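Take a look at the letters that make up each chain.
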Amino acid sequence: MNEKGFFITLEGIEGVGKTTNMDFVHKQLVAAGKDVILTREPGGTSLGEDVRNLLLGHKHDGMSSETELLLMFAARAEHLSKVIMPAVMDGKVVLCDRFTDATYAYQGGGRGIPTRRIQELEQWVQGGTRPDMTFLLDLPVEVGLERAGKRSAADRFEKEDMAFFQRVRDRYLQLAAEYPQRFRVIDASKPLDDVQQQISNALQEILN
Ligand code: Z5A
């Protein structure tokens with residue numbers, strides 16, 4: 001991206017602490033005087049939240065991987081045009097819980113959809129728009145699932161097995177290695193204070 005604002009995404013497997021740390025990043029940015037929009041994928045718009053319900057709920061268990069991929073990008077097209085781009089053009093910081101790296105990780109790594117298919121859709125829907133900075137909260141799959149397991153009923157993705165989440169984690173780490181300028185890999189297995197110190201250090205790069 002470029003324009004006037006800044007686009008930050010948080011990524012990672014289930015239970016890594018994205019929700020917990022979104023709030024922390026938000027507070028840090030606001031304290032630094034930034035105008036911040038908090039949003040998420042799939043979702044972020046009225047249409048996107050409806051699509052999210054289709055994707056995460058169990059009404060359509062067994063949906064094909066291609067349908068899942070196209071729904072992710074349908075919601076993303078709406079999110080980009082209605083929320084992300086207008087905010088960035090207006091000089092705001094957009095802080096988004098998951099974005100296209102999640103598609104490479106879950107639909108690519110997890111479901112096995114070829115990378116080039118995802119790249120085609122990314123190019124079509126986003127053109128040259130990419131996050132400016134991506135925090136990848138990383139930890140072993142067992143730890144993430146154990147943390148997430150302590151919460152409410154599992155959604156359609158949370159029903160997947162350990163091998164699926166291992167492929168997702170591997171693909172995320174592969175992306176981080178491929179785009180080191182954009183990614184900041186955070187060791188999310190550490191206690192929360194430590195995790196937030198790592199995030200805070202990385203944030204200083206943009207706040208300075
Ligand atoms: N998805 C996709 O397939 N393709 C796409 O393109 C996109 C999404 C965009 C939506 O997920 C699903 O959509 C997602 C991928 C798919 N499915 N999965 N899995 P989501 O982002 O809405 O939900 P989630 O990934 O399941 O997030 P989550 O379960 O809410 O996890 P989290 O936000 O990363 O974790 P948390 O709620 O902040 O923390 C989990 C627990 O750990 C909680 O009790 C915390 O208090 C605790 N915690 C947090 N940090 C720590 C530390 N450091 N130590 C100890 N305990 C901690």
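In case you missed it, the structure is sitting above this.
Here's what I pulled together on the structure shown here. Computed from a predicted structure; not experimentally measured.

## Regarding the sheet that holds strand β1 (residues 6-11)
The sheet built from five strands is open, its strands ordered β2-β3-β1-β4-β5 with parallel pairing. For this open sheet the edge positions go to β2 (36-40) and β5 (183-187), each flanked by a neighbour on one side alone. On average, adjacent strands in this sheet sit at an angle of 20° to one another, irrespective of strand direction. Here strand β4 (residues 133-138) pairs with β5 via five bridges, running parallel. Among the inter-strand pairings, Asp138 is bridged to a residue of β5, identified as Asp187. On the sheet, helix α8 (residues 192-207) packs against β1, β4 and β5 and is oriented at approximately 160° with respect to β5.

## Some remarks on the pattern of salt bridges
Scanning the entire structure with this criterion turns up 16 salt bridges. Where Asp90 meets Lys92, a salt bridge forms, and the shortest distance between an N and an O atom there is 3.0 Å. Judged by its relative accessible area of 19%, Lys92 is buried. Between Arg169 and Asp138 there is a salt bridge; the shortest N-O distance is 2.8 Å. Taken as a pair, Arg169 in helix α7 (residues 162-178) and Asp138 in strand β4 lie far apart in primary sequence, 31 residues in all. On the accessibility criterion, Arg169 (17% relative accessible area) is buried. Each of Glu68, Arg111, Arg156 and Glu160 takes part in salt bridges that share partners, so that together they form one network.

Basis of the calculations
- Position labels on residues start from 1 in each chain and follow its written sequence.
- It should be noted that, the model being predicted, local features are given only for residues of pLDDT at least 70 and side-chain atom pairs only at 80 or more, the latter also being counted only at that level, while totals for whole chains, interfaces and linings use all residues.
- Heavy atoms from the whole structure form the basis of all side-chain values; hydrogens and water molecules are not counted.
- Between any two strands, pairing holds if DSSP finds at least two bridges.
- Each helix corresponds to a stretch of at least 4 residues labelled H or I by DSSP, and each strand to a stretch of at least 2 residues labelled E; elements are numbered beginning at the N terminus.
- Fitting a line to C-alpha atoms yields each axis, with helices limited to the stretch in contact; the angle taken between N-to-C directions then spans 0 to 180 degrees.
- Whether two residues are in contact is decided by their heavy atoms, any of which lying within 4.5 Å being enough.
- Salt bridge criterion: a side-chain nitrogen from Lys or Arg within 4 Å of a carboxyl oxygen from Asp or Glu.
- Residue exposure (1.4 Å probe, protein chains only): buried if accessible area is under 20% of the type maximum, exposed if over 50%, otherwise partly exposed.

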